[in-house]
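An overview of the molecular structure
For reference, the chains in residue letters:
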Amino acid sequence: MQLEIRERAVGDVVILEMFGKITIGEGSVQLRDAVSKLLDSGRNKIVLNLGGVGYVDSSGIGELVSRYTTTKNAGGRLKLLNLPKKIKDLLMITKLLTVFEIYEDEQAALDSFQ
Amino acid sequence: MMLAENVVELTIASQLEYIDLVTTLTDNITSMIGFDEESAYWINMAVRESVANAVEHGNKYDQQKSVDIRYTIGVDALRVTVRDYGEGFDPATLPDPLDPNNLLNPAGRGILYMRTFMDSVEYDRHPEGGMIVSMSKRRAPKQPSHDVSEGEHKRDAVGN
């Protein structure tokens, strides 16, 4: 499995802790399915903890953008936590750093939903 | 003096599963010829993006069509070509991923990343069909073989 996703709820916020790769194919599909499952069950306050993700390609970046948009369209928010430097670089190159809400501290990410 | 270039070639089927094979080979080559870890990471990504595009957009996952990857290890640079057997396209017609209207598009960033991480990226239609992407990355000048710290270790070893 390319990507391991552990789900944890804190109040009405769901944190998805991700480990592995978000790349074309399996990893991107796993991310899509995990977020879709949450939205389908009405949970739309989502934090993606990317601290354990070692590799993301353009497909993975595209999937993050898609999940951000889908969550927003469902009336919720999707925020990013613990971005590794290389993922931050990829977001910066494509001018996406200002699109996402990005946190380095879990509590700050949780508080931002209040 | 004749400067030799070494060539490594790999042909894969149009399946995403084979991309990891390509990235492993890319890592081995960049490590072997002395690229630093950071450069090697981004070269790997550029090659990966190119191969993924060839599988997905070029050959459209057609199992009858292959993707040919060729690494030319030159004295001054690593050159990589990736060829598909699809219908081809004009990269100039692709939407600009940095246009504010396109920022939230789910796709279309791969070529921008390739151009960012490599020194040159060129797209050509192959005369016999398909596209060929040619990328290059300059190699850092060779360090002198004389290593001061190594010499000190040797002296220490002798002294001990």
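Residues numbered from 1 in each chain as written. Chains lettered and ligands numbered in written order. Predicted model: local features only at pLDDT ≥ 70, side-chain atom pairs only at ≥ 80, totals over all residues.

1. Observations regarding helix H1 (residues 19–32) of chain B
All names here are of chain B. The terminal C-alpha atoms of H1, which comprises 14 residues, lie 20 Å apart, in line with the 20 Å expected from a rise of 1.5 Å per residue. Taken as a whole, H1 has its buried residues at Ile19, Val22, Thr26, Ile29 and Thr30. All buried residues of H1 project into a common sector of 95° when viewed along the axis, lining one side. Exposed residues lying more than 90 degrees from the buried face of H1 are Thr24, Ser31 and Met32. Its buried side turned inward, H1 meets strand S1 (6–13), helix H2 (37–58), strand S2 (66–73) and strand S3 (77–83). Of the residues flanking the end of H1, it is Gly34, one or two places downstream, whose phi is positive at about 90°. (Helix = DSSP H or I, 4+ residues; strand = E, 2+ residues; numbered from the N terminus. Expected span 1.5 Å × (residues − 1). Buried ≥ 20, exposed ≤ 12 C-beta atoms within 10 Å, placed from the backbone. Arc of directions from axis to C-beta. Contact = placed C-beta atoms within 7 Å.)

2. Some remarks on the nonpolar core
Counting 29 residues, the largest nonpolar core has Ala46, Val51, Val80, Val82, Met114, Phe117 and Met135 of chain B as the members making the most contacts within it. Elements supplying a minimum of two residues to this core: H1, H2, S2, S3, helix H3 (110–117) and strand S5 (131–138) of chain B. A total of nine residues in this core trace back to one element, the largest contributor, which is H2 of chain B. The contacts of Phe117 of chain B, once residues within four sequence positions are left out, are Trp42, Ile43, Met45 and Ala46 of chain B. Counting residues in hydrophobic clusters, the runner-up holds 28 residues, among them Leu3, Leu48, Leu50 and Ala109 of chain A. (Core = buried A, V, L, I, M, F, W, Y, C linked by C-beta atoms within 7 Å.)

3. A look at the interface of chain A and chain B
The partner chain B presents 17 residues to the 16 residues of chain A that form the contact. Going through the elements one at a time, helix H2 (58–73) and helix H3 (85–93) of chain A are the ones with two or more residues in the side of chain A that touches chain B. Here the element with the most residues in the side of chain A that touches chain B is H2 of chain A; it accounts for seven residues. Looking at the side of chain A that touches chain B residue by residue, the classes come out as six nonpolar, seven polar and three charged. (Nonpolar A, V, L, I, M, F, W, Y, C, P; charged D, E, K, R; others polar.)

4. Concerning the environment of Asn73 of chain A
Structurally, Asn73 of chain A is set in helix H2. Here the alpha-carbon distance between Asn73 of chain A and Asn44 of chain A, two residues 29 residues apart in the chain, equals 9.9 Å.

5. Focus on H3 of chain A
Residues and elements named next belong to chain A. Within the sequence span of H3, burial applies to Ile87, Leu90 and Leu91. Mapping the buried residues of H3 onto a view down its axis gives an arc of 95°, with all of them on the same face. Opposite the buried face of H3, by more than 90 degrees, sit the exposed residues Lys85 and Met92. The elements touched by buried residues of H3 are strand S3 (45–56) and H2. The first or second residue beyond H3 is Lys95, which carries a positive phi of 60°.

6. Focus: the confidence of the model for chain A
Summarising the model, chain A shows a mean pLDDT of 96, and 99% of its residues fall at 70 or more. Within chain A, strand S4 (residues 77–81) of chain A carries the highest mean pLDDT (98), whereas helix H1 (residues 26–40) of chain A carries the lowest (94). (pLDDT = per-residue confidence, 0-100.)

7. Structural notes on unusual backbone geometry
The phi dihedral of Lys95 of chain A falls on the positive side, at around 60°, and the residue is not glycine. Relative to the assigned elements, Lys95 of chain A resides in the loop between H3 and strand S5 (102–103). A residue is classified by how many C-beta atoms lie within 10 Å of it, and Lys95 of chain A, with 14 of them, is partly exposed. Even without glycine at this site, Tyr61 of chain B takes up a positive phi of about 60°. Looking at the secondary structure, you find Tyr61 of chain B in the loop between H2 and S2.

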